[in-house]
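Close look at the chain arrangement
Listed here are the chains, written in short residue letters.
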There are 2 protein chains.
Amino acid sequence: MAERLVVIGGDAGGMTAASQARRRRGDLDIVAVERGRWVSYSACGIPYVVGGQVDTLDDLVARTPGELRERFRIDVRLRHEAMAIDFDTREVEVRDHERARTFRLGFDHLMLATGARPRRPPVPGADGDHVHGVQTLDDAAHLLAHAEAAGSGCRVVVVGGGYVGLEIAEAFLNRGATVTVVDRAPEVMQGLDPDMGALVSAAMRDHGVDVRCGVEVTGFEPGAVHTVDGTLPADLVILGTGVDPESTLAAEAGIGLGVRDTVAVDRRQRTDVDGVWAAGDCCQSWHRVSQQPVHVALGTVANRQGRVAGINLGGGYATFPGVLATAVTRLCATEVARTGLGEGEARAAGFDAVAETIESTTRAGYYPGARRLRVKLVAERGTGRLLGGQIVGEEGAAKRIDVVAAAVWNAMTAAEVIDLDLSYAPPFSPLWDPVAVAARRVAAALDAG
Amino acid sequence: MAERLVVIGGDAGGMTAASQARRRRGDLDIVAVERGRWVSYSACGIPYVVGGQVDTLDDLVARTPGELRERFRIDVRLRHEAMAIDFDTREVEVRDHERARTFRLGFDHLMLATGARPRRPPVPGADGDHVHGVQTLDDAAHLLAHAEAAGSGCRVVVVGGGYVGLEIAEAFLNRGATVTVVDRAPEVMQGLDPDMGALVSAAMRDHGVDVRCGVEVTGFEPGAVHTVDGTLPADLVILGTGVDPESTLAAEAGIGLGVRDTVAVDRRQRTDVDGVWAAGDCCQSWHRVSQQPVHVALGTVANRQGRVAGINLGGGYATFPGVLATAVTRLCATEVARTGLGEGEARAAGFDAVAETIESTTRAGYYPGARRLRVKLVAERGTGRLLGGQIVGEEGAAKRIDVVAAAVWNAMTAAEVIDLDLSYAPPFSPLWDPVAVAARRVAAALDAG
């Protein structure tokens, strides 16, 4: 009989692993169980459907179950939830929610891609059904129904000003709602240093979002969010407070956990149980700069980890080289990006960090459409090595973070980045690329002190 | 008496060197002689003034002579041409064209930044005054006068389909002229491989430029360009055939020349004569991938070399780490970029090269404004090391070349680039960045063969 791979979770990490495994092993029997109604979709696209720029949730689906069956011979089962894993019999207990029955599914190899769930503040009412996450297409369907009905009277409160929280805030703003963002931190976007985050808060406010930082939420009830500053009326409450790994199933089965209750994996995405692999939002990553284990819930990381797991599952050899937590978004016409360690993160990780910020433009100053941007770079005193960078600016600013990511990835020093042979033409950049200008400033600061 | 630095040539290489030297040595007497009427300008911006997107030639001036005097105490002399260098007396013979007098200027240090001149085909009439280059703001003033008078009747012939040739072709098209580009190569843009260059030819033709490849020019006369295929009527003829280093002055003074008659320099931008430095279009570079001396006439290289020369001139220490000849432009709504070695260049340099090209989009496929792009990557068989890349595509395509440049710069393998932590969000990229997709394809081809 053919060996069977059971994949738990049908999104980026799981489906990438399954399709990679298939490429190398035509003989595998591959079954994927997904508790939701969709597989292989772009969760990152949810705010754009809710906001109305993208027409339907179906547009976010990369591959339907039918395509996965046909092209990769993956037996995809929707509304099927893995309830328990039994390593004595090597079986997964699966609940078929559609048919309301439970059955056991044997496996030789097991791929955990259970994803993450919205982090809920530890206050009364946070578990309420009216407090929404932005995690799955099922969540998205709820939010979209609200958005389409929103109109100008609707009051939306977003708790937490992370990427997704702010993206969804803008989406509801586009729909005509009155939107408040409450964040307990001094600035939104904790992925950025506060000086850069402040630029984002300002941009959101300029566009009409009521951003309230340094405000702690104390409780939820239908129609209201309570804070230390008083009560906000809320027709809809959305969580933008980040996510926690969905690792309960793994933990209950005795699989070892890592930082922040992620599923612990080695470089090849193996858990501590033989034949069991993990990838994506449920599992641990390794930060290339801090050299510490981290939890980074991003689609890019899930895909890359899934690919590594799938190659190894299929009998190949691949290792995951770590993350920089590179991320980008656009919020109310302001582009935002980060990679590696911020100034605060670098100090917290024990580096003696030097940070400098420069202002420049996206094109030659004299060229039509030149827009402002700010680039912040962080380097290590002594070695001069770049540790990370952040960019906030107007159109054409943010994707430049990839150059910083490549520089940090390769442990380049700030001085080396000055001479990096970057492209230039007036419609694309000033003669000295903004990243090079920032590198000069940091290199000078390193020299000076 | 203060030591004197004489700078010959007042554009990117020379003025960057002078200002860097000033930062480190307040005591230097710095004199810059420039035979034209402008210093410190963006020659790369000329096509955009000629085309009408940028208002005036003055917009291209980064620093006026007055600003250079005031901020850096550089004594800038316009319309002053260095005629000869005498190393016995350490004097430059200078011709003041305005006052029609010649004088000698003593120097302790000499900075050569004489730039380049348009390459003229070795055919009758190529030296005629009506055959224009696109090199200096003086050239630009001529072209602008023609462009403003052009109207729809004007017939412009551009000889040579390099970056500048095609940019100026588009500029005259914008002005309503009838534009023909004649190139003797099989495709325009010899900085690209022919398969990528063909995409540019097609884009130019789609916009109404008559692009004729594989056609040799046999002679020029007022009103006509003769080719092997017949005679083209021409109210204006422009050379887009590349440039040669302006090194005659150096050669006549006995300074050693390098590849293609460039001024030879070491890593610190020193010529073979003590106290004499060079930077920019007149001088030699070193290619990081081929490890061969090259002539790369680009503003970015001139600025970086000038900075290195200036730091060393000022008593500091810096070395120039070489070039990848990274370049970008936009032609008739098509973005074009290259870095490192192309497939043909790699083979010519002795590499066993593997090249693959992929198609992708600039944003997530479902996101509004997603545009097509093609990415070609070249890698070395055996090591798997990336040697170079080329991108041709629509809006949002080309600046991604910088990631390829950073990868090539750091000698990353194609397989390593797959996992590079690049940024993703639907408005900026597909989930797998096009550069990573191309890296996967090349890595697979390397594995297969």
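Residues numbered from 1 in each chain as written. Chains lettered and ligands numbered in written order. Predicted model: local features only at pLDDT ≥ 70, side-chain atom pairs only at ≥ 80, totals over all residues. Heavy atoms only, no water.

So, the sheet that holds strand S5 (residues 91–96) of chain A
Residues and elements named next belong to chain A. For clarity, the cut-off: DSSP calls a pair of strands paired once it identifies at least 2 bridges connecting them. The helix and strand labels rest on DSSP assignments: H or I over at least four residues marks a helix, E over at least two residues marks a strand, and numbering proceeds from the N terminus. Convention adopted: a line fitted to C-alpha atoms gives each axis, helices being fitted over their contacting stretch, and angles between N-to-C directions are expressed from 0 to 180 degrees.
On the basis of which strands lie adjacent, the open sheet formed by three strands has the order S4-S5-S6 and antiparallel pairing. The sheet is open, and its two borders are formed by strand S4 (80–86) and strand S6 (101–106), each paired with just one other strand. Each strand of the sheet is rotated relative to its neighbour by a mean of 25 degrees, with strand direction disregarded. Relative to S6, S5 runs antiparallel, the two being bridged by six bridges.

Quick word on the pairing of strand S16 (residues 236–239) of chain A
Residues and elements named next belong to chain A. Spelled out, the test is: The buried label applies to any residue whose accessible area, calculated with a 1.4 Å probe on protein chains only, is under 20% of its type's maximum; exposed applies above 50%, and partly exposed to all values in between.
The alternating pattern of S16 places Leu236 and Ile238 and Val237 and Leu239 on opposite faces, both of which are buried. Here strand S9 (residues 131–132) pairs with S16 via two bridges, running parallel. The residue of S16 that forms the bridge with Val131 is Val237.

Some remarks on the relation of the copies chain B and chain A
Condition: Fitting of the copies onto one another was done by least squares over C-alpha atoms, counting residues only where both copies have pLDDT of at least 70. Throughout, a residue-residue contact means that at least one pair of heavy atoms, one from each residue, lies within 4.5 Å.
Laying chain B over chain A is done by rotating through 180 degrees and shifting 0.0 Å along the axis; what remains is an RMSD of 0.0 Å. Interpreted geometrically, this transformation is the action of a two-fold axis. The rotation axis passes nearest to the C-alpha of B:Val403 in chain B, at a distance of 2.6 Å. Counting the interface residues of chain B, we find that 98% of their copies in chain A are interface residues as well, pointing to one common contact surface.

Quick look at unusual backbone geometry
The phi torsion at A:Ala100 lies on the positive side, around 50 degrees, for a residue other than glycine. Relative to the helices and strands, A:Ala100 resides in the loop between S5 and S6.

A short note on the side chain of B:Glu246
Spelled out, the test is: Counted as a polar contact is a pair of N or O atoms within 3.5 Å, where, for protein atoms, one must be capable of donating a hydrogen and the other of accepting one, and residues adjacent in sequence contribute only when both atoms are in side chains.
Looking at the element boundaries, B:Glu246 is found in the loop between strand S17 (243–245) and helix H7 (248–252). A distance of 3.0 Å separates polar atoms of two side chains, one belonging to B:Glu246 and the other to B:Arg35.

A word on the sheet that holds strand S4 (residues 80–86) of chain B
Residues and elements named next belong to chain B. Ordered in space as S4-S5-S6, the three strands form an open sheet in which the pairing is antiparallel. In this open sheet, the two edge strands, each paired with only one partner strand, are S4 and strand S6 (101–106). Between one strand and the next, the sheet's axes are offset by a mean angle of 25 degrees, whatever the strand orientation.

Examining the domain arrangement of chain A
How big an interface is tends to be reported as the loss of accessible area on association of its parts. Residues and elements named next belong to chain A. Rules: As annotated, the domain borders come from an automatic or database domain assignment. Summed over both partners, buried area is the accessible surface (1.4 Å probe) that two parts give up on being assembled. We define a salt bridge as a side-chain nitrogen of Lys or Arg found within 4 Å of a carboxyl oxygen belonging to Asp or Glu. Residues are sorted three ways: Asp, Glu, Lys and Arg are charged, Ala, Val, Leu, Ile, Met, Phe, Trp, Tyr, Cys and Pro are nonpolar, and all the rest, Gly among them, are polar.
You can read the domains of chain A as domain 1 (4–42 + 61–117 + 245–313), domain 2 (120–239) and domain 3 (333–448). Put simply, the middle of domain 2 and the middle of domain 3, counted by C-alpha atoms, are 30 Å apart. In this assembly, twelve residues from domain 2 lie in contact with 14 residues from domain 3. Taking both partners together, domain 2 and domain 3 bury about 1,000 Å²; carbon and sulfur atoms supply 59% of that area. Looking at the side of domain 2 facing domain 3, the largest losses of area belong to Asp193, Met196 and Leu199, adding up to 48% of the total buried there. Taken together, the connections running from domain 2 to domain 3 amount to two salt bridges. Residue Asp195 pairs with Lys376 through a salt bridge whose shortest N-O separation is 3.0 Å. Viewed at the interface, domain 3 and domain 2 are joined by six residue pairs in polar contact (both at pLDDT 80 or more). Considering each element in turn, the side of domain 2 that touches domain 3 owes the most residues, five residues, to helix H6 (residues 194–206). Partitioned by chemical class, the residues of the side of domain 2 that touches domain 3 number seven nonpolar, two polar and three charged.

Side note on empty space enclosed by the protein
Take a probe with the size of a water molecule and roll it over the atoms, and the empty space left behind shows itself. We apply this condition: Using only the protein atoms, space was sampled on a 1 Å grid; points where a 1.4 Å probe fits but cannot get out form cavities, open sets with protein on both sides within 12 Å along at least five of seven lines form pockets, and lining residues are those with an atom within 4 Å of a point. Grid points are joined across faces, edges and corners, and a volume is the space filled by probe spheres set on the points.
Tallied over the entire structure, the rule returns one cavity of 30 Å³ or more. Each pocket or cavity is described by its volume, and for the largest cavity that value is around 50 Å³.

With respect to the environment of B:Thr248
For B:Thr248, the position within the fold is in helix H7. For the pair formed by B:Thr248 and B:Cys282, sequence separation is 34 residues and the distance between their alpha carbons is 9.7 Å.

Digging into the interface of chain B and chain A
Listed per partner, the contact involves 59 residues of chain B and 58 residues of chain A. Across the chain B to chain A interface the summed buried area is about 5,300 Å²; carbon plus sulfur atoms make up 59%. In terms of surface lost to chain A, no three residues of chain B exceed B:Arg304, B:Asp421 and B:Phe428, which account for 15% of the buried area on that side. Counting every contact that joins chain B to chain A gives six salt bridges. The closest approach of N and O atoms between B:Lys399 and A:Asp433, which form a salt bridge, is 2.9 Å. Linking chain B to chain A there are 24 residue pairs in polar contact (both at pLDDT 80 or more). Looking at the side of chain B that touches chain A, the elements that each hand over two or more residues are helix H1 (12–24), helix H8 (299–313), strand S21 (327–331) and helix H10 (401–409) of chain B. The class makeup of the residues in the side of chain B that touches chain A is 31 nonpolar, 13 polar and 15 charged.

Observations concerning the packing of H1(B) against H8(B)
When two helices pack together, their arrangement is captured by the angle between the axes and the distance separating the axes. Residue and element names in this part refer to chain B. Condition: Note on terminology: angles under 35 degrees are roughly parallel, angles over 145 are roughly antiparallel, angles of 65 to 115 are roughly perpendicular, and the others are oblique. Crossing handedness is read from the near helix: turned anticlockwise from the far helix by less than a right angle, it gives a left-handed crossing, and turned clockwise, a right-handed one.
Put simply, H1 and H8 touch, their axes get as near as 7 Å, and they point 30 degrees apart. It follows that H1 is roughly parallel to H8 by the angle criterion. Pair H1 / H8 crosses with right-handed handedness. Contacts from Ala12, Gly13, Thr16, Ala17, Gln20, Ala21 and Arg24 in H1 reach Gly299, Ala302, Asn303, Gly306, Arg307, Ala309, Gly310, Ile311 and Leu313 in H8. Here the residues of the contact of H1 with H8 sort into seven nonpolar, seven polar and two charged.

Remarks on the packing of aromatic side chains
Note the threshold: Here the aromatic set is Phe, Tyr and Trp, taking the six-membered ring for Trp, and pairing holds for ring centres within 6.5 Å; pairs whose planes are under 30 degrees apart are stacked, those over 60 apart are edge-to-face, and all others are tilted. Sitting over a ring, as applied to charges here, requires NZ of Lys or CZ of Arg to be within 6 Å of the ring centre and within 35 degrees of the ring normal.
All chains considered together, the criterion is met by four aromatic pairs over all chains. When the centroid spacing of 5.1 Å and the interplanar angle of 90 degrees are considered together, the rings of A:Tyr48 and B:Tyr367 count as edge-to-face. Within this pair, whereas A:Tyr48 is found in helix H2 (residues 46–50), its partner B:Tyr367 is found in the loop between strand S23 (353–361) and strand S24 (372–380), the two belonging to separate chains. Accessibility classification places A:Tyr48 together with B:Tyr367 in one group, the buried group. Here B:Phe87 and B:Phe107 contribute two aromatic rings whose centre-to-centre distance is 6.2 Å and whose plane-to-plane angle is 90 degrees, an arrangement assigned as edge-to-face. Residue B:Phe87 is found in the loop between S4 and strand S5 (91–96), and its partner B:Phe107 is found in the loop between S6 and strand S7 (109–112); the two are separated by 20 residues along the sequence. Residue class for B:Phe107 comes out buried when judged on its relative accessible area of 4%. Stacked on the ring of A:Trp409, the Lys or Arg A:Arg288 has its end atom at 3.8 Å from the ring centre.

Overview of the pattern of salt bridges
Summed over the entire model, instances satisfying the criterion amount to 66 salt bridges over all chains. For A:Glu246, the salt bridge identified is with A:Arg117, shortest N-O distance 2.7 Å. Remark: A:Arg117 occurs in strand S8 (residues 116–118) and A:Glu246 occurs in the loop between strand S17 (243–245) and helix H7 (248–252); sequence separation between them is 129 residues. A residue is classified by how much of its surface remains accessible, and A:Glu246, at 15% relative accessible area, is buried. On the basis of relative accessible area, A:Arg117 is assigned to the partly exposed category, the value being 33%. Of the charged contacts in the structure, one is a salt bridge between B:Asp266 and B:Arg270, with a shortest N-O distance of 2.8 Å. Using a relative accessible area of 31% as the deciding quantity, one classes B:Asp266 as partly exposed. Each of A:Asp193, A:Asp195, A:Glu343, A:Arg347 and A:Lys376 takes part in salt bridges that share partners, so that together they form one network.

Let's talk about the pairing of strand S15 (residues 230–233) of chain A
All names here are of chain A. Where strand S14 (residues 224–227) meets S15, four bridges bridge the pair, whose relative direction is antiparallel. Pairing of His226 across the sheet is with Thr231, part of S15. The antiparallel hairpin formed by S14 and S15 contains two residues in its connecting segment.

Concerning the environment of A:Val49
All names here are of chain A. Positionally, Val49 belongs in helix H2. The spacing of Val49 and Ala140 is 91 residues in sequence and 8.3 Å in space, taken between C-alpha atoms. Once residues within four sequence positions are removed from consideration, Val49 is found in contact with Val54, Asp55, Thr56, Leu57, Leu60, Leu144 and Arg175.

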